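Residue-level listing of the chains:
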Amino acid sequence: MTHERVDEPLVPLLFSRLVDDAGLFPPEELAMGAALRRHLEDAETGNPVLSGRFVCPAARLGELRRELGDEDGLELSLIVSPLSSEQVAAACAAVGDDPRLELVGIEGPFAGSLPEVPEGLPLFVELPVTGGWEPGLEQVADASRHVKIRCGGLRAELFPTPSELAALVHACSDRGVAFKATAGLHHAVRHEDPATGFRHHGFVNLAVAAARAVAGASVGEVASALENEKAASLAGEAAAVSPGLAGRARRLFVSYGSCSTSEPVEDLLRLGLLVPAEPGSRPSGGAGSPSRTARTSRSRTFPTASSRPPAVGPVSASPSASRSSTWRASPGTRSSTGPRSTASWREAPGPGRRFADASSSC
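Residues numbered from 1 in each chain as written. Predicted model: local features only at pLDDT ≥ 70, side-chain atom pairs only at ≥ 80, totals over all residues. Heavy atoms only, no water.

Enquirer: Can you explain the nonpolar core? Please cite residues and give values.
Expert: Membership of the largest hydrophobic core comes to 86 residues, with the highest contact counts inside it found for Phe15, Phe54, Leu64, Leu76, Leu78, Val204 and Leu206. At 10 residues, the largest contribution of residues to this core is made by helix 6 (residues 203-214). Dropping the residues within four chain positions of it, Leu64 is found in contact with Met32, Leu36, Phe54, Cys56, Leu74, Leu76 and Leu101. (Core = buried A, V, L, I, M, F, W, Y, C linked by side-chain atoms within 4.5 Å. Buried < 20%, exposed > 50% of the residue type's maximum accessible area, 1.4 Å probe, protein only. Helix = DSSP H or I, 4+ residues; strand = E, 2+ residues; numbered from the N terminus. Contact = heavy atoms within 4.5 Å.)

Below, the structure written as structure tokens:
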């Protein structure tokens, strides 16, 4: 495989490997076979916005194993419900028996106490974002686990307000607890769905909100980022986030599950935060081209608060870069010397700085 040297970053750090594949879930709700085919095709494309993780309910593991090809490999984040030690142990055993599967995370709703999980396996605990999450967050923080935040669903009451979402994001940052998001983040910018009338949060809004939170912004300033429906100003603030701040933001906001793996990329293209690379930087075909079953060289394990992980680190632009060099960042989006955001908050010592030093067992 040969590449033409690309002088600019492949993808802004703020969005690198951000999107987990949740194609099994509404509104896409693909059949298992179709979801796996799309996931494997995405793996061949190697778009660096996609994390490479496949989200699947533990209850559907048998179906997944039947549909997955003998030579295919998959990295799984399993949703376990109820989230008990017994259920987690059973799910881990089922995955461990299959050499095609690699378990990279456990997710599930908070059930009053935390389950035991194998050492080093990330656990994301879904807390009730619309209220009453404080006791759960205390347990999660004390155990060095992580939070899962539901940003929407099939009913209006499942969509937290910007203030509710900001309060939990800010609290996670303050306690050094990483989070992933799920549901409702169908597009980059906050908007109203004309079909349902629901107001959806935007994934770029959430990334900017995370950057503000780790920089020491107030809950109100974090909420303001979530409320922003002006695409140009939101994209401008995202582009102005320095690499250092972006790395800290992504150690807080690990990823989000999307039922579509194409719409997040398309939205970033429209916002000018990601542009296709020149044709010369696309990997050539032939014997060196990746197969459907090939493992990419990049790590897809979840980022943690303890260190800056390869999964969200700077993407190499050298000739030896991985196949993700098909894509590039929009010019200037990773410059540390470029224009700074004109927002009232600034990166400064304070509560928001604690996240970078928080410990984690994962």
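After presenting the structure, the write-up continues.
Enquirer: Give me the lowdown on the pattern of salt bridges, citing residues and values where you can.
Expert: Within this structure, the stated rule accounts for 18 salt bridges. Counted as one network, the salt bridges with shared partners bring together Asp20, Arg53, Glu107, Lys148 and Lys180. (Salt bridge = Lys/Arg side-chain N within 4 Å of Asp/Glu carboxyl O.)

Enquirer: Now, about the packing of aromatic side chains: what can you tell me, with residues and values included?
Expert: All told, the structure shown has three aromatic pairs when counted by the stated rule. Ring geometry for Phe159 against Phe198: centres 5.3 Å apart, planes inclined by 50 degrees, an arrangement best described as tilted. Remark: Phe198 occurs in the loop between strand 8 (191-192) and strand 9 (199-200) and Phe159 occurs in the loop between strand 6 (146-150) and helix 5 (162-175); sequence separation between them is 39 residues. For Phe198, a relative accessible area of 18% puts it in the buried group. For the ring pair Phe179 and Phe253, a centre distance of 5.3 Å and an interplane angle of 10 degrees mean the geometry is stacked. Pair noted here: Phe179 is in strand 7 (residues 179-182) and Phe253 is in strand 10 (residues 253-258), with a separation of 74 residues, a long-range link. (Phe/Tyr/Trp six-rings, centres within 6.5 Å; stacked < 30°, edge-to-face > 60°.)

Enquirer: Describe the sheet that holds strand 2 (residues 50-57), and please don't skip the residues or the numbers.
Expert: Strands sit in the order 1-2-3-4-5-6-7-10 around a closed barrel of eight strands; the barrel is parallel. The average angle at which neighbouring strand axes cross in this sheet is 30 degrees, direction not considered. Across four bridges, the pairing between strand 4 (residues 101-109) and strand 5 (residues 123-126) is parallel. Among the inter-strand pairings, Glu107 is bridged to a residue of strand 5, identified as Phe124. Those strands touched by helix 1 (residues 32-45) are strand 1 (19-21), strand 2, strand 3 (74-79) and strand 10, and its axis lies near 165 degrees from that of strand 2. (Pairing = 2+ DSSP bridges. Axes fitted to C-alpha atoms, helices over the stretch in contact; angles between N-to-C directions.)

As far as function goes, none of this settles anything; it's purely spatial.
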